[in-house]
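# Architecture and fold: a report
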Amino acid sequence: MQKMEPEKVSAAVEESSASEPVLEQDVKCELKGEEYAYLDATGFTSELFKIELRGLPKYYGIGELKKLLNVKMKLSMNKIKIMKPGSPFIFICFRNQEDREAAIKSLDGYKWKGRELSAFEAKPAPDPLVRRRKEASSTEGEPLNIKRRTVEASSTSLAYLPYEQQLKQKQSEMENVLQKFGNELWSSIPTLRPYVERQRQEHGGLPCALESIRPSPIQDGYRNKCEFSIGKDAQGVKRVGFRVGSYSNGFLEVESIAHLKHIPSTMKQIVALFEEYVQRSPFEVYSAETYQGFFRQMTVRMSYATGQAMVIVGVHLQSLSVDEQKIMKEAIVDCLTSEAGKKAGICSIYFEVIQKRQQGQYTNPMEHLYGDTHIEDKILGLTFRISPGAFFQINTPAAELLYQCAIDVAAPDKNTSILDICCGTGSIGLCFASHCKQVFGVDIVEQAIKDAEYNAQRNGVKNCKFFAGNSDDLIVSLLRQANVIPEQQESLTAIVDPPRAGLHIRSITQLRNARGLNKLVYVSCSPQSAIKNWIDLMRPCSKQLRGEPFIAQKAIAVDLFPHTPHTELVILFEREPEPNPDPVAEQAKNDEQESGKEKGEMMGNT
């Protein structure tokens, strides 16, 4: 089975770069040893066709570089391996030697942003698992898995604290995030310093008001979705659970989740049922070290409202024949539809083929094996269809609290139009629908939009429209669709709930430049990562950010993840009103223009 080297090999890229060009025919000759065994074992790895690019300009964006490579130079690039910020070099991988040679020929000596680039072949990175194990075993008295943590510490690091203490710690962490936000505002936008100082004095050192954290209605067994690894524990026993280390740390053990507080008891029953099947199955579990084996992962999704459970079994097919695949699928269904499986609520089973994804492919192929194609859950009285790959908040009761907080801070009325950016299956927008005039949602995942449209129809919501595409490109057309008329007391509010990395700067630019958009609610699952977005929303007008800046008014933390350090943060931004001209100064300016005009006419007459 072909295998790419995701985080594992890329983690060692910087250390393994070649300082001199390397001929491909020499690579496998030179790199004989366990650290490079993956080059033969995987069938294909882009590490074989990697180049190093040097001489890069001091300031450039990865998007710019991709545009240069893909659009302008039309190179068949596989991926870019990003180094630390400010690094003078970068690695680019290709699918074959021909593409690599063409890229070197085009890039070497090419002038970009006033700099001359140099490009040459780079050696593959060593396997970090083998490398770290060698390092550990060569150190006298040092245990092999020195960085190994327990499964409890890895997944529920705050579980040892009473819940009230967890909330205090999370509130303090959100204060630290907002203080960092204020410091960034101070240093990067000097014109805002007087404003930041006033806010700090008013809000205890913070750049905006922070309300008390909202606790999760349930603290134990709240997760409605978990992705479990399938592998072996430290004793070599086959397990379905969580991996407690990482490839680069030199161990791959999978440990039991039976004692974790945040996983529901019925989900634990499903895991135990499938683990028992895996242990007696003739099909081996997958090993990331040997690239052999079949069972890789299992995802379980559950409905808080109905108790329905969906199971997705992820498998590396290797060289299994069609008949062998059929036997495996039938065995999986037999296991999960047994009396114990039905008692746990299993009503839907999918078979996921884990493979190297092609360019433009975001998900692995899935086959529906049994039962319903979807499960359903409820938020704020609305019913939502959940497909295998759909995003849905993992703590349903706390999601109700989160969405209600967003509605409360946005304070929409029947004249308010809502832009739901990164709308997913439409859960936030549909919850807003009864409080506003209309909702327009956009998401890049087409299946999510289909689910959103179905959810609107399922709940009889008629004032929502959803569009598939990149929000960077569609925000302007959504504004035209909204057709807000301020003279009729109509208003426009944006709800933003982006992935952990935040919004792309193009989306921020479109939102800043959107006339009539005077309120924005930012929902962040990773507040540290969102600070840059918040800064850009508040920057002064510029050639790129033409609209008036937004100002952070209020923040509310919501605990969707008890026993873990993660917290959702909702921030209300309001547009700074366009400056009204001073009537006296405006009149003086007009008088001066009139006087100049009269003088000009007199000079002309003379």
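Residues numbered from 1 in each chain as written. Predicted model: local features only at pLDDT ≥ 70, side-chain atom pairs only at ≥ 80, totals over all residues. Heavy atoms only, no water.

## Focus on the packing of helix α16 (residues 471-482) against helix α17 (residues 505-512)
- Running from N to C, α16 and α17 point in directions that differ by 15 degrees, and their axes come no closer than 8 Å. It follows that α16 is roughly parallel to α17 by the angle criterion. As α16 runs across α17, the sense of the crossing is right-handed. Of the residues in α17, those in contact with Ser 471, Asp 472, Ile 475 and Val 476 of α16 are Arg 506, Ser 507, Gln 510 and Leu 511. (Axes fitted to C-alpha atoms, helices over the stretch in contact; angles between N-to-C directions. Helix = DSSP H or I, 4+ residues; strand = E, 2+ residues; numbered from the N terminus. Parallel < 35°, antiparallel > 145°, perpendicular 65-115°, else oblique. Left-handed = near helix turned anticlockwise from the far one by under 90°. Contact = heavy atoms within 4.5 Å.)

## So, empty space enclosed by the protein
- Tallying each qualifying case throughout the model produces one cavity of 30 Å³ or more.
- Space inside the largest cavity adds up to approximately 70 Å³.
- Lining the largest cavity are Phe 391, Tyr 403, Asp 420, Cys 422, Cys 423, Gly 424, Thr 425, Gly 426, Ser 427, Ile 428 and Asp 497.
- For the lining of the largest cavity, the per-class residue count stands at five nonpolar, four polar and two charged. (1 Å grid on protein atoms, 1.4 Å probe; cavity = no way out; pocket = protein on both sides within 12 Å on 5 of 7 lines; lining within 4 Å. Points joined across faces, edges and corners; volume = space filled by probe spheres on them. Nonpolar A, V, L, I, M, F, W, Y, C, P; charged D, E, K, R; others polar.)

## Considering the sheet that holds strand β14 (residues 366-371)
- Sheet architecture is open: seven strands sit in the order β10-β9-β8-β11-β12-β13-β14, paired in mixed fashion. Each edge of the open sheet is held by one strand with a lone partner, namely β10 (254-255) and β14.
- Contacts from helix α10 (residues 265-280) reach β8 (225-232), β9 (238-243), β11 (295-302), β12 (309-315) and β13 (346-353) within the one sheet, and its direction differs from that of β11 by about 155 degrees.
- Packed on one face of the sheet, helix α11 (residues 322-336) meets β11, β12, β13 and β14 and runs near 155 degrees to β13. (Pairing = 2+ DSSP bridges.)

## Regarding the sheet that holds strand β1 (residues 50-54)
- With respect to topology, four strands assemble into an open sheet ordered β2-β3-β1-β6, the strand pairing being antiparallel. Strands at the two margins of the open sheet, each flanked by one partner only, are β2 (77-81) and β6 (118-121). Across the sheet, the mean angle separating the axes of adjacent strands is 25 degrees when strand polarity is ignored.
- Inspection of the sheet shows β1 paired to β6 by four bridges, in the antiparallel sense. When the bridges of β6 are listed, Glu 52 appears paired with Phe 120.

## Quick look at helix α4 (residues 62-72)
- Restricting attention to buried positions, one finds in α4 the residues Leu 65, Leu 68 and Leu 69. Projected down its long axis, α4 shows its buried positions confined to an angular sector of 85 degrees, all on one face. Exposed positions of α4 whose direction lies more than 90 degrees from the buried face are Gly 63 and Lys 67. (Buried < 20%, exposed > 50% of the residue type's maximum accessible area, 1.4 Å probe, protein only. Arc of directions from axis to C-beta.)

## Focus: the side chain of Gln 199
- Within the fold, Gln 199 resides in helix α9 (residues 193-202).
- Excluding anything up to four places from it in sequence, Gln 199 contacts Leu 206, Pro 207, Cys 208 and Ala 552.

## Concerning the confidence of the model for the protein chain
- Per-residue pLDDT for the protein chain has a mean of 84; in total, 81% of the residues score no lower than 70.
- Across residues 1-31 the pLDDT falls below 50, and counting only partners more than four positions away or on other chains, this stretch makes 85 contacts in the model.
- Scored below 50 in pLDDT, residues 141-145 makes seven contacts in the model with residues more than four places away or belonging to other chains. (pLDDT = per-residue confidence, 0-100.)

## What to know about unusual backbone geometry
- Here Lys 74, not a glycine, exhibits a phi torsion of approximately 55 degrees, which is positive.
- For Lys 74, a relative accessible area of 65% gives the class exposed.
- A positive phi angle, close to 75 degrees, is found at His 563, a residue other than glycine.
- Here His 563 shows up in the loop between β22 (550-558) and β23 (568-575).
- For His 563, a relative accessible area of 5% translates into the label buried.

## Observations regarding the pattern of salt bridges
- Inspection of every chain in the model, using the stated rule, returns 18 salt bridges.
- A salt bridge links Arg 100 to Glu 121, with the shortest nitrogen-to-oxygen separation between them at 3.4 Å. On the criterion of sequence distance, the pair formed by Arg 100 in helix α5 (residues 97-107) and Glu 121 in strand β6 is long-range, its members being 21 residues apart. There is no split in this pair, since Arg 100 and Glu 121 are both buried.
- The salt bridge involving Arg 458 is made with Glu 376; its shortest N-O contact spans 3.3 Å. With Arg 458 in helix α15 (residues 446-458) and Glu 376 in strand β15 (residues 375-379), this pair connects stretches of sequence that are 82 residues apart.
- A relative accessible area of 23% places Glu 376 in the partly exposed class.
- A single network of salt bridges, built from pairs that share partners, joins Glu 211, Arg 214 and Lys 554. (Salt bridge = Lys/Arg side-chain N within 4 Å of Asp/Glu carboxyl O.)

## Focus: the packing of aromatic side chains
- Using the criterion set out here, one finds nine aromatic pairs in the structure.
- With centroids separated by 5.7 Å and ring planes inclined at 80 degrees, the aromatic side chains of Phe 283 and Phe 294 adopt a geometry described as edge-to-face. Of this pair, Phe 283 sits in the loop between α10 and β11 while Phe 294 is found in the loop between α10 and β11, placing the two residues eleven residues apart along the sequence. Residues Phe 283 and Phe 294 agree in their burial class; the two are buried.
- What links up through ring pairs into an aromatic cluster is the set Phe 181, Tyr 522 and Trp 534.
- Its guanidinium or amino end placed over the ring of Phe 351, Lys 329 lies 5.1 Å from that ring's centre, counting from NZ or CZ. (Phe/Tyr/Trp six-rings, centres within 6.5 Å; stacked < 30°, edge-to-face > 60°. Lys NZ or Arg CZ within 6 Å of the ring centre and 35° of its normal.)

## Let's talk about the pairing of strand β21 (residues 517-524)
- Across the eight residues that make up β21, a large majority, seven, are buried.
- With five bridges connecting them, strand β20 (residues 491-496) and β21 associate as parallel partners. Across the sheet, Leu 492 pairs through a bridge with Leu 517, a residue of β21.
- On the question of chirality, the crossover connecting β20 to the parallel β21 by way of α17 is right-handed.
- Of the pairings in the sheet, the one linking β21 to β23 comprises six bridges and is antiparallel in character. Among the inter-strand pairings, Tyr 522 is bridged to a residue of β23, identified as Ile 571. (Right-handed = clockwise from strand over helix to strand, strands pointing away.)

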